[in-house]
Amino acid sequence: MINKISATLEDAVADVHDGATVMIGGFGNAGMPAELIDALIAQGARELTIVNNNAGNGDTGLAALLKAKRVRKIICSFPRQTDSHVFDALYRAGEIELELTPQGNLAERIRAAGAGIGGFFTPTGYGTLLAEGKETRLIDGRHYVLESPIHADFALIKALKGDRWGNLVYRKTARNFGPIMAMAAKCAIAQVSEVVELGELDPEAIVTPGIFVQRIVKQEAP
């Protein structure tokens, strides 16, 4: 019987290893799996490469992971904002590496990994520092830059509901990067507010099919 439910948050992240590439869902705090991140901090994995839209807010969630100095490199599109003081301090001290990627490119690089695409050409970033060292082409009179897919060992995402097969539905814009991150990672771990019985989720409403999810863990919304 297929049952992807983990008993605890700690069980769900127990095998995240040092040096792993970990995608973390969320657009700021919306859709961020904060409790899974806390469990990852407690688990102790180090030298992580994190893929996220942002670089942490305040002192909780992703920012707490950064503050614990567990992250070697972060790939994101929006590293600086008014409350990104943890990342700012680490970056200025040379204690974290940043790979800056335009937001659309970030999303497509993640999606490309899940779709098995080896790379794609985009006009975004051409003629800027972000294109240095990358292949460029002139296609139909427009300049393009070759971007590579981003693969991950693990993805930590947040959904509204899930079943034991791993099928997921999300709450409005809290889905953001969750679906494509689940596809791009070898092991997708979903934190859900509610676990429902098989058949309760309308097949037409399922956003992430269980084939892309390896573990789910219930964590009721505060």
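Values in this document were obtained by computation on a predicted structure and should not be read as measured data. (Residues numbered from 1 in each chain as written. Predicted model: local features only at pLDDT ≥ 70, side-chain atom pairs only at ≥ 80, totals over all residues. Heavy atoms only, no water.)

1. Considering the overall build of the chain
A count of helical and extended segments in the chain gives 6 helices and 11 strands. Relative to the compact-globule value of 17 Å for 222 residues, the chain shows a C-alpha radius of gyration of 18 Å, a close match. Overall size of the chain, expressed as C-alpha extent along the three principal axes, is 55 × 40 × 30 Å. Expressed as a percentage of the 222 residues in the chain, the buried residues total 48%. Excluding contacts between residues fewer than 6 apart, the proportion of contacts in the chain whose partners are at least 24 apart in sequence is 74%. Counting only carbon and sulfur atoms, one obtains 51% of the accessible surface of the chain, whose full area is about 10,700 Å². (Helix = DSSP H or I, 4+ residues; strand = E, 2+ residues; numbered from the N terminus. Rg over C-alpha atoms; globule rule 2.2 N^0.38 Å. Buried < 20%, exposed > 50% of the residue type's maximum accessible area, 1.4 Å probe, protein only. Contact = heavy atoms within 4.5 Å. Areas by Shrake-Rupley, 256 points an atom, 1.4 Å probe, with all protein chains shown as cover.)

2. What to know about the side chain of asparagine 167
Considering the arrangement of structural elements, one finds asparagine 167 in the loop between strand E8 (152-162) and strand E9 (168-169). We classify asparagine 167 as buried; its relative accessible area is 13%. A polar contact of 3.1 Å, which involves the side chain of asparagine 167, links it to the side chain of aspartate 163. Polar side-chain contacts of asparagine 167 include one of 2.8 Å to the backbone nitrogen of glycine 210. Among all residues touching asparagine 167, those that are not within four sequence positions of it are Lys161, Gly162, Leu201, Ile206, Thr208, Pro209 and Gly210. (Polar contact = N/O pair within 3.5 Å; in protein donor to acceptor, adjacent residues only side chain to side chain.)

3. Description of the pattern of salt bridges
When charged atoms on two side chains of opposite charge get close, those side chains can pair. Overall, the coordinates contain 12 salt bridges when judged by the stated rule. Via salt bridges that share partners, Arg72, Lys73, Glu97, Glu99 and Arg109 belong to a single interconnected network. (Salt bridge = Lys/Arg side-chain N within 4 Å of Asp/Glu carboxyl O.)

4. Comments concerning the packing of aromatic side chains
Following the criterion strictly, the structure yields 1 aromatic pair and no others. Judged by centre distance (5.5 Å) and plane angle (20 degrees), the rings of phenylalanine 87 and tyrosine 91 are stacked. Placement of the pair is phenylalanine 87 and tyrosine 91 together in helix H4 (residues 85-92), with a separation of 4 residues, close to one helical turn. Using a relative accessible area of 42% as the deciding quantity, one classes tyrosine 91 as partly exposed. (Phe/Tyr/Trp six-rings, centres within 6.5 Å; stacked < 30°, edge-to-face > 60°.)

Keep in mind that these numbers describe shape and distance, not what the molecule does.
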